[in-house]
Each structure stands twice: as structure tokens, then as C-alpha cells.
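Now for the letters of each chain:
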Amino acid sequence: MRSHSFPLFAALLAVVSCHSGPQRPDPEPYEFDWVGFDSLAQLQGAIVDTEYRPDSSLFGKRYYLADTAKVILEFNRQEELQSMHWFNGKGQELWQENYYPSGQRMSRFLKATNAENGTSYFQGLYTSYYLDGSVKERGEYQNNQLLWNVHWETDGRQGDTLVYEYR
């Protein structure tokens with residue numbers, strides 16, 4: 001009889017664990033202070049290139065922080081931060097963050113750079129956020145291909161866009 005109780009227990013555990021799903025991470029509210037970053041970069045002697053649109057609105061800023069990093073900020077027409085790209089001293093993009101017009105982070109993607117042609121691609125974990133900073137989705141990319149993701153609704157319940165693809 002003991003041999004029959006283990007498979008029943010394992011089946012019950014599998015049903016319960018599939019139903020509960022991954023737990024939603026704690027909220028991560030975050031706003032990048034690009035004005036403060038601008039001041040800090042100037043104090044550290046960074047080179048800052050500023051680019052404007054034909055209508056004189058701010059389009060982007062490139063910060064060269066000695067030989068260690070380069071940061072590119074891109075802005076919408078209202079001069080609100082839209083995205084940030086962080087590069088290492090070898091010119092390889094390490095990550096990208098996108099922002100809501102309010103300044104709250106919308107998403108963060110890890111990236112890698114093709115050594116042959118210098119183009120960046122999604123590689124590694126990513127997280128997307130709701131406007132209040134609560135986690136909307138987590139997943140992973142490999143060579144620009146989505147491997148898996150987990151989605152949560154605004155009320156914290158797990159959504160129905162759970163995708164796991166093993167290669």
C-alpha cells in the first residue's frame with residue numbers, strides 16, 4: 001500500500017503547485033533622476049553631447065564617463081525621459097530601461113552586443129512594471145528570442161500569459 005500513496009501525494013502536490021503559480025515580486029517603484037545625473041556627470045568631468053529636434057525640443061543626451069561607460073538618454077517631444085541605454089567601456093550595451101511619461105520605470109532589459117557587427121540584442125532577464133512600480137511581467141530572452149515570461153494582473157493575480165519554451 002505504501003507504493004500507491006506516494007504517486008497520489010505527488011499528483012496532488014503537482015496540481016496545487018500548478019494552481020498557485022509564481023508569487024508576484026514586491027513593487028519596485030523607481031524614477032531615474034536624469035537632472036541629478038546630468039549634474040553628477042558634469043561634476044565628474046564627463047563629456048555630454050546633447051541633441052535637439054528641429055523644433056528645439058530635447059531629443060537625447062550622450063554621456064561619456066571616462067573610459068568606463070557611455071549612457072544614452074532619449075526623450076519624447078515633451079522632454080520627458082523615454083529610455084536609457086547603458087554601455088560598458090568597450091561599447092557593448094549592457095541594459096536598456098524604458099520610462100513612462102511620469103518618470104516611473106516601465107521596463108528593464110539586459111542586453112548583449114554582437115562582436116562582429118556591433119548591434120545590440122536582448123539577452124537575459126527582463127522586468128516590466130505597471131505605473132505604480134508593481135511588477136507586471138518577468139521573463140528571459142536569449143539572442144533576441146523570448147524564452148519564458150510570467151505576467152501578473154494589476155491586482156496581483158497571475159495572468160494567463162505564462163509561456164515556457166525550452167530549447
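Residues numbered from 1 in each chain as written. Predicted model: local features only at pLDDT ≥ 70, side-chain atom pairs only at ≥ 80, totals over all residues. Heavy atoms only, no water.

(A) Representation of the pattern of salt bridges. Counted according to the given criterion, the structure contains seven salt bridges. Ionic pairing is found between Asp38 and Lys61, a salt bridge with its closest N-O pair at 2.9 Å. Within this pair, whereas Asp38 is found in helix H2 (residues 34-43), its partner Lys61 is found in strand E2 (residues 58-65), the two being separated by 23 residues in sequence. In this structure, the salt-bridge partner of Arg105 is Glu97, at a minimum N-O distance of 3.1 Å. Exposure remark for Arg105: the relative accessible area of 10% places this residue in the buried category. Given a relative accessible area of 2%, Glu97 falls into the buried group. One salt-bridge network, held together by shared partners, links Glu97, Arg105 and Arg108. (Salt bridge = Lys/Arg side-chain N within 4 Å of Asp/Glu carboxyl O. Helix = DSSP H or I, 4+ residues; strand = E, 2+ residues; numbered from the N terminus. Buried < 20%, exposed > 50% of the residue type's maximum accessible area, 1.4 Å probe, protein only.)

(B) Seen up close, the side chain of Asp38. Given the relative accessible area of 14%, Asp38 is considered buried. Aside from chain neighbours lying at most four places away, what touches Asp38 is Val48, Lys61 and Tyr63. (Contact = heavy atoms within 4.5 Å.)

(C) How the structure looks around the pairing of strand E5 (residues 93-99). By the criterion of burial, E5 is predominantly enclosed, with six of the seven residues buried. As paired elements, strand E4 (residues 81-88) and E5 share five bridges and run antiparallel to each other. Looking at the pairing, Ser83 lines up with Asn98 of E5. Counted between consecutive antiparallel strands, the loop separating E4 from E5 contains four residues, among which Gly91 sits at a positive phi close to 80 degrees. (Pairing = 2+ DSSP bridges.)

(D) Here's a closer look at the nonpolar core. Within the largest apolar cluster, 15 residues are counted, with the highest numbers of intra-cluster contacts made by Phe32, Tyr63, Leu65, Val71, Leu73 and Met84. Secondary structure elements with two or more residues in this core: H2, E2, strand E3 (69-75), E4 and E5. In terms of residue count, the dominant contributor to this core is E3 (four residues). (Core = buried A, V, L, I, M, F, W, Y, C linked by side-chain atoms within 4.5 Å.)

(E) Unusual backbone geometry, seen in detail. Although it is not a glycine, Ser56 sits at a positive phi angle of roughly 75 degrees. With respect to the helices and strands, Ser56 occurs in the loop between strand E1 (47-52) and E2. Classification of Ser56 by relative accessible area gives exposed; the value is 55%. Despite not being glycine, Asn143 shows a phi value in the positive range, around 50 degrees.

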